[in-house]
Amino acid sequence: MKFLNKIATAAAVGSLALGATIAQADSKEPIVIPTHNWTSQITMAYVIGGIFESIGNNVSYVPADSQAVYESIRNGDVTISHEVWQSTFSKSFNNALDAGGIIDVGTHASVTQEEWWYPAYVGELCPGLPSWEALNDCADIFATAGSGGKGRYLDGPMDWHGQETLDRIEALDMDFTAKFAGSSGALWAELESAAKDNRAVVVFNWSPNFTDAGDGGSFVEFPEYTDGCKKADGGDGKCGSPPAGWLKKAAHYQMPKKWPEAYKIFNNVSFTKGDIGNMAALVDIDGMSHEAAAAKWLEDNEATWKAWL
Amino acid sequence: MQYFIKHKWAQFAVLLAVFYVLATVIDPATGGNWWRIQETRFWLLPDVVNNALRFLIDDFWVVDVYDSELDITEESTVVKEFTRTVSGVVLFSINLIRELLLGGVKTVVAFTSWEFISEHKWARIPALPWPAVAAGAFIVGHCLGGRNLSVLAGASTIYIAVFGQWTPAMQTLSFVLVAVPISCFLGLMLGAIAYKSKAFETILAPLLNVAQSMPHFAYLIPVVIFFGIGDHAGAISTVIFATPPMIRLTLLGLKKVPPEVLEAGTMSGCNSRQLMFRVLIPSARHDILIGVNQVIMQCLAMAVIASFIGAKGLGYELLVSLNMLKIGQALELGVSIVLIAVVLDRLSLAWANKQADYLADLPFHLRHKHSLAFLGILIFTSVIAYVASMVFPDKVNYLYFIDEAQGFSTEKFWDVMVDWLITNTYQGVQGFNFFMITSVLMPMKEAFLSMPVAATLFLVAGTGYIVGGLRSAVIVTAFIAFIALTPWWDRALITAYMATFAVVVSVIIGCSMGILCSRSPRATRVILLVCDTFQTFPSFVYLIPVIMLFGVSDLSVLIAVIVYATIPATRYTVEGLTNVPQALQDAGSMSGVNRLQRLLKIELPLAFPHIMLGINQTVIFALFMIIIGAFIGTDDLGQLIMQSLSEANGMGQGIILGLCVAFIGLAVDHLIHTWAEQRKQVLGIA
Amino acid sequence: MSTSTQPVIKCESVYKIFGENAARIIEQSGGKVETAALLEAGCVIGVNNASFEVHEGELLVVMGLSGSGKSTLLRCISRLIETTAGNIHIDGDDLLAMNDKELIDIRRNKMGMVFQNFALLPHKTVLENIALPLQVKGMSTSDSMDRALDMVNLVELAGRENYFPRQLSGGQQQRVGIARSLAVEPDIWFLDEPFSALDPLIRREMQDEFLRIQSALKKTILFVTHDFDEAIRLADRIAIMKDGVIEQIDTPANIILSPATEYVARFTREVPRERVLSCQTIMGKYDDSQDMSDLTVSQEAIIESVAKPILTQQKPVGVTDSEGEIVGVLNSKIMANVLFGDANSLPVNN
């Protein structure tokens, strides 16, 4: 079955080349776009949906769990995924690729960074930041009730990158413990609460994200990432995350055949860090609804997306 | 020796002593299988389950399916085609109701095609203006239950519209209006079959137990793979969760029908179908209606979780707003969910109790006055809305549809409240936070983690034996041994530690509150209403404020769990105490006891079996919420269940982990039920 | 088709044995029922070799204390439970051989039953409860409601059509039960302790009501009770049961005057005979030679009502039949015996 799926995938990719010459019309069946639970992703869903609609396609949106969505793409219940983050979703995405039925549609222009992060005011509480050694020196101000006197680093959910954080703390012999939050909501709640009385926190964060706007904050600087430096890859583990992770797009393997036009556009779609930040800001800062924000972005950036058609 | 056999507490004391000795003697380093069961083939179980399900959906009974759109023939399986057909039917029903309320094209597409719709833009169902729906709710309420109900239904609809939650609320409503009837129908049918066939009942009972105590997240992935993603998947997972109580209550009600009534039906010449539908089921209506109430509550309680697999509506909006820390907005959305639950519950109850008037001989316009009134309002509101959009073409048409951004909102107020609360109490609670974590929770967790497998199984078996003899001992040991054989014994111990703490605190709070409130009928009514509200109010809403106060820690999780798990403890205490037979109370009063003595000597002992069932529910509620607590951040079974969403063998792993959680609950459930039954027999109130 | 001579209900050696092995044990003994063997095997005997007939228009009361098997017998004859052995014929048709369809048919058209605890459907109004047997037959709503309204009038509940059972008193509820059982105009009417759950005063009133209805409808009735007074008050014939066995089956007068067993006698001893017996049951032989009093009494008259005038007469008093012919005599000696003496010394005429 797996084998068959791979053949089918290959055939689909092959027919893409043909599709360009035959110029077959898109199916009128709706292209199903998933919405997860963070702003930029939802707004971008409506932006991409709007682009598809502008060429006469039908679109429908479906709320989906961000990990389970790849399984649904394989089954054809969802057509695309437009924000596949390297560190958080690569496991689910790769599992789905192995199982077949899903295709990799390239990357966005925006690179991603995922690393330990602190809000701007923490810089004053712990001079010497963003260096990791400085962070380690003032570990005590990051201590919490459960951290047993050490500094507490609030990581994302365990399934995002699992053992890696623990490996790094051990390899660098840091005076920190890692606590895994259960959801991104938990991360933001902790950040918000800490900001209210200028408490020192260091949490997992990524960019582009809504935290890029406003007062912002900075990523902690760890020893530079080199290929194979991570423990899981056989290295000593004394390094940070890759400074430029990928942000991919994925689609159901039949998309090139069923919606050749839309697929061509989706292939071209490539948002920059600025685009993503703007989309998020329209909702998070200006208080617009996701649909309205998407409409505004499409209106303001016509030149950008018209070029992809 | 005689003394020892007679007194169970003495047996317990000895059991605990032996357990303690065993726990100290078995050393982690040298204990081997006595300490933790080492890796066995059993660890492959998740993979086996996963592969079996995969085989079922991907490779079992392969058929060719022609895709006319792409003009290719693809492989599919019978199971997949079957589940997708079910999905299609459910999805069509949801879309039909949704588009009648909100407008849309999918219903039309079901009879034509997407090409047709794309070429004929007019072919769509227009949305109803919200005042028409509100008037409809008002009229339905009036028709079924008179003035109070009409005001409740109408006002709730207006609240939803005015607060700009129209679209998500109607999405949720359409999904609930499909899930509730399916659950009720299935529950009724399966309950009726179980009533007729003892064999079927025997098979069904353990399945119901597992379905009711399995965390929802454990079966989300299987549902996605078998049924796809979308509103139908949400509805189907809701049905899985909401049907078991309906089955149980149907069966209970049918069994309570007096044999004479059955005979009266038979002698009236009913055939077996008439006997079931005209005599038995209506006679069991009291319990069946409680079942319907449970179904409605469960369906709305699932609104948030169903959004993980594609259900649109209030639940999804709530998750998004929580993720953006918009607590006020989440609160308003939560209120809408509760309102929909309450209105549906009351309407269904009124509908079931409605009486037909055979004697009235009314003219057409009076007989159909409600339908006519609705038609009139529909035309009137549509005309108004249309005219308004003509006159003010550029303005927002408040008489037709109120968008999220245009509605009222109290969210600023709530945000300020939460803000104020956190700013002002944060420092105050930190002492408590520190004390709880370092002096209570961490030592407790350590203690639980130091429980060797052998000692724990001994304790469990012994408890089972003391409570219910050999049979109970075997059952509960089997449940716990299953967990011990998986790689997740430590995780299960952490779940057990959190559950134990939460249950103890919930029971203390719940029972005290229940005892206090049962003293006055007025307070009883109020507390039961509060219980109902909190049970449907999405528990996700409390997660974020709790994190802000107590950080990402076990304490946060436990506080959220306790808020939720106190509900059944309170409810059952109130019910148990208010149902103590009056004759016994009078007998007590006549023997000259004072109020406190009456409570301690008469009411509490008599209500105790019922309260124990409440504690049983508390355990189940606590386990559910601990799993949801994984969204805050835990390191127990719940975290692994979340993690299984991204694993390659996630389906199997999720199910086995879910079973581990379910088995903890079922072991406790078995012990408490056995004990409560014995106790009721002794007290003669079975 | 039934003829006037054919019994409406005919039971022959009916047995009902409870117990898991009952059927097997009977089969092993070649269809013969050996009670000793069954009791040994732990079976409980509900009905033990009951044989009797009920004729058209007759009211047979089955009387017995609780556990005597009277309700079991009734349920065998209505086939609510399956009979272990024996034959039951209804209008000459073999009841036990009927399949489900025939059984439903006979219940829909020929049988009605009233229950001890009324067995009304709690969610249906008076009218709906009464209409149930009609509606399950497939009668239209409006026809069934018309018919049900007639029944409401028959049992004198007019004005309470839309009440729910919980809003009615016990007596009223049983009136609904009676109306329901009569709605399909059955030929055979089963009543299972219909008045036992009622207060004594109401019970009396309901018995009168019952007699009134029966005098108008003339149904064939099997009436089960544990109340001996009720039995002699209502019955054409009484069957007295003990431990599943019918001890005696006879008219009330004969049972009172000549109880077949010591067990039956225990009930009759307490009965005030003068209130129960009619003149014809105790009258002496009449011959022309006697010097008769001018006073005559009807043979149907209850003794109590004529005792005083007869006691004051010196000469024997004539007892007349419905045509006014003298068919027997009563004198003060017989009366004194009835009122104060013991039953065994009485003449028995029938």
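Residues numbered from 1 in each chain as written. Chains lettered and ligands numbered in written order. Predicted model: local features only at pLDDT ≥ 70, side-chain atom pairs only at ≥ 80, totals over all residues. Heavy atoms only, no water.

Description of the overall build of chain C
Piece 1. When helices and strands are counted, chain C shows 15 helices and 13 strands.
Piece 2. The dimensions of chain C, computed from C-alpha atoms along their principal axes, are 65 × 60 × 40 Å.
Piece 3. Taken across its 350 residues, chain C has 52% of its residues classed as buried.
Piece 4. Counting contacts in chain C only where the partners sit at least 6 residues apart, residues at least 24 apart contribute 66% of the total.
Piece 5. By element, 46% of the accessible surface of chain C is carried by carbon and sulfur atoms, the whole surface being about 15900 Å².
Piece 6. Seen as two clouds, the 34 positive and the 49 negative side-chain charges of chain C have centres 4 Å apart. (Helix = DSSP H or I, 4+ residues; strand = E, 2+ residues; numbered from the N terminus. Buried < 20%, exposed > 50% of the residue type's maximum accessible area, 1.4 Å probe, protein only. Contact = heavy atoms within 4.5 Å. Areas by Shrake-Rupley, 256 points an atom, 1.4 Å probe, with all protein chains shown as cover. Lys, Arg positive; Asp, Glu negative; His and termini not counted. Charge placed at Lys NZ, Arg CZ, Asp CG, Glu CD.)

Thoughts on the overall build of chain B
Piece 1. Secondary structure summary: chain B contains 29 helices and two strands in total.
Piece 2. Compactness check: chain B gives a C-alpha radius of gyration of 28 Å against a globular reference of 26 Å for 686 residues, within 12% of the reference.
Piece 3. Viewed in the frame of its principal axes, chain B has a C-alpha envelope of about 90 × 70 × 65 Å.
Piece 4. Relative to all contacts within chain B whose residues are 6 or more apart in sequence, the contacts with residues 24 or more apart total 77%. (Rg over C-alpha atoms; globule rule 2.2 N^0.38 Å.)

Side note on helix 25 (residues 554–578) of chain B
Residues and elements named next belong to chain B.
Piece 1. With 25 residues, helix 25 extends 36 Å between its outermost C-alpha atoms, agreeing within 8% with the 36 Å of an ideal straight helix rising 1.5 Å per residue.
Piece 2. Its maximal kink placed at A565, helix 25 deviates by approximately 30°, while the proline P568 follows within four residues.
Piece 3. The element helix 25 is largely enclosed, with a buried count of 20 among its 25 residues. (Expected span 1.5 Å × (residues − 1). Bend = angle between axes of the 7 residues up to and from the residue.)

Some points on the interface of chain C and chain B
Piece 1. In this complex, chain C contributes 33 residues to the contact, which on the side of chain B involves 20 residues.
Piece 2. Across the chain C to chain B interface the summed buried area is about 2300 Å²; carbon plus sulfur atoms make up 63%.
Piece 3. Sorting the residues of chain C by area buried against chain B places R107, H123 and V136 of chain C first, and these three jointly supply 21% of that buried surface.
Piece 4. The interface formed by chain C and chain B contains one salt bridge.
Piece 5. Its salt-bridge partner being E263 of chain B, residue R75 of chain C comes within 2.5 Å of it at the nearest N-O pair.
Piece 6. The tally of links between chain C and chain B comes to six residue pairs in polar contact (both at pLDDT 80 or more).
Piece 7. Within the residue set of the side of chain C that touches chain B, elements represented by two or more residues are helix 4 (100–109), strand 6 (111–114), helix 5 (126–136) and helix 6 (141–154) of chain C.
Piece 8. The biggest single contributor to the side of chain C that touches chain B is helix 5 of chain C, with six residues.
Piece 9. For the side of chain C that touches chain B, a count of residues per class yields 18 nonpolar, eight polar and seven charged. (Buried area = accessible area lost by both parts, 1.4 Å probe. Salt bridge = Lys/Arg side-chain N within 4 Å of Asp/Glu carboxyl O. Polar contact = N/O pair within 3.5 Å; in protein donor to acceptor, adjacent residues only side chain to side chain. Nonpolar A, V, L, I, M, F, W, Y, C, P; charged D, E, K, R; others polar.)

Some points on the interface of chain A and chain B
Piece 1. Across the contact, 59 residues belong to chain A and 59 residues belong to chain B.
Piece 2. Here chain A meets chain B over a buried area of about 4900 Å², counting both sides, of which 56% is carbon and sulfur.
Piece 3. Between R54 of chain B and E71 of chain A there is a salt bridge whose closest N-O contact spans 2.8 Å.
Piece 4. For the interface between chain A and chain B, the tally reads 18 residue pairs in polar contact (both at pLDDT 80 or more).
Piece 5. Of the residues forming the side of chain A that touches chain B, the biggest block, nine residues, is contributed by helix 9 (residues 184–196) of chain A.

Considerations on the sheet that holds strand 1 (residues 9–18) of chain C
Residues and elements named next belong to chain C.
Piece 1. Across the sheet, four strands lie side by side as 2-1-4-5; this open sheet has antiparallel pairing. Of all strands in the sheet, those bounded by a partner on one side alone are strand 2 (44–54) and strand 5 (93–94).
Piece 2. By the bridge criterion, five bridges tie strand 1 to strand 4 (residues 85–90) in an arrangement that is antiparallel. What sits directly across from I9, in strand 4, is I90.
Piece 3. Set on the sheet, helix 3 (residues 70–77) makes contact with strand 1, strand 2 and strand 4; between it and strand 2 the angle comes to about 60°. (Pairing = 2+ DSSP bridges. Axes fitted to C-alpha atoms, helices over the stretch in contact; angles between N-to-C directions.)

Regarding empty space enclosed by the protein
Piece 1. Tallying each qualifying case throughout the model produces three cavities of 30 Å³ or more.
Piece 2. Taken as a whole, the largest cavity encloses approximately 580 Å³ of empty space.
Piece 3. Surrounding the largest cavity, 35 residues form its lining, N37, G182, S183 and S184 of chain A together with F631 of chain B being those nearest its centre.
Piece 4. Every element with two or more residues in the lining of the largest cavity is listed here: helix 4 (86–99), helix 7 (158–161) and helix 9 of chain A together with helix 16 (314–323) and helix 24 (540–550) of chain B.
Piece 5. In terms of residue class, the lining of the largest cavity is made up of 20 nonpolar, twelve polar and three charged.
Piece 6. Quantified by volume, the second largest cavity comes out at close to 90 Å³.
Piece 7. For the lining of the second largest cavity, the class distribution of residues is seven nonpolar, three polar and two charged. (1 Å grid on protein atoms, 1.4 Å probe; cavity = no way out; pocket = protein on both sides within 12 Å on 5 of 7 lines; lining within 4 Å. Points joined across faces, edges and corners; volume = space filled by probe spheres on them.)

Notes on the arrangement of the chains
Piece 1. Counting contacts across all two pairs of chains found in contact, the highest total belongs to chains A and B.
Piece 2. There is a gap between chain A and chain C: no contact, and a shortest C-alpha distance of 44 Å.

Notes on a nonpolar patch on the surface
Piece 1. Together, F364, L372, L375, I379, V383, Y386, V387, M390, V391 and F392 of chain B give the surface a local cluster of nonpolar side chains, amounting to about 1000 Å² of exposed area.
Piece 2. With respect to the helices and strands, M390 of chain B occurs in helix 19 (residues 369–391). (Patch = residues over 30% accessible without salt bridge, like charges linked within 9 Å, V, L, I, M, F, W, Y side chains within 5 Å.)

Let's talk about a negative patch on the surface
Piece 1. A grouping of D140, E170, D173 and D175 of chain A is seen on the molecular surface, where their side chains present a negatively charged patch.
Piece 2. Take D140 of chain A: it is sitting in the loop between helix 6 (132–137) and strand 6 (151–155).

Examining the domain arrangement of chain B
Residue and element names in this part refer to chain B.
Piece 1. On domain assignment, one finds that chain B holds domain 1 (49–119) and domain 2 (163–355).
Piece 2. Here the C-alpha centre of domain 2 lies 24 Å away from the C-alpha centre of domain 1.
Piece 3. Contact with domain 1, which involves 17 residues of that partner, is made by 20 residues of domain 2.
Piece 4. Here domain 1 and domain 2 share an interface that buries about 1600 Å² over both sides, 75% of which is from carbon and sulfur atoms.
Piece 5. Summed over the three residues of domain 1 that lose the most area to domain 2, namely I94, R98 and L102, the buried surface amounts to 32% of that side.
Piece 6. Inspection of the region where domain 1 meets domain 2 yields one salt bridge.
Piece 7. Ionic pairing is found between R98 and D231, a salt bridge with its closest N-O pair at 2.7 Å.
Piece 8. Counting every contact that joins domain 1 to domain 2 gives seven residue pairs in polar contact (both at pLDDT 80 or more). (Domains from an automatic or database assignment.)

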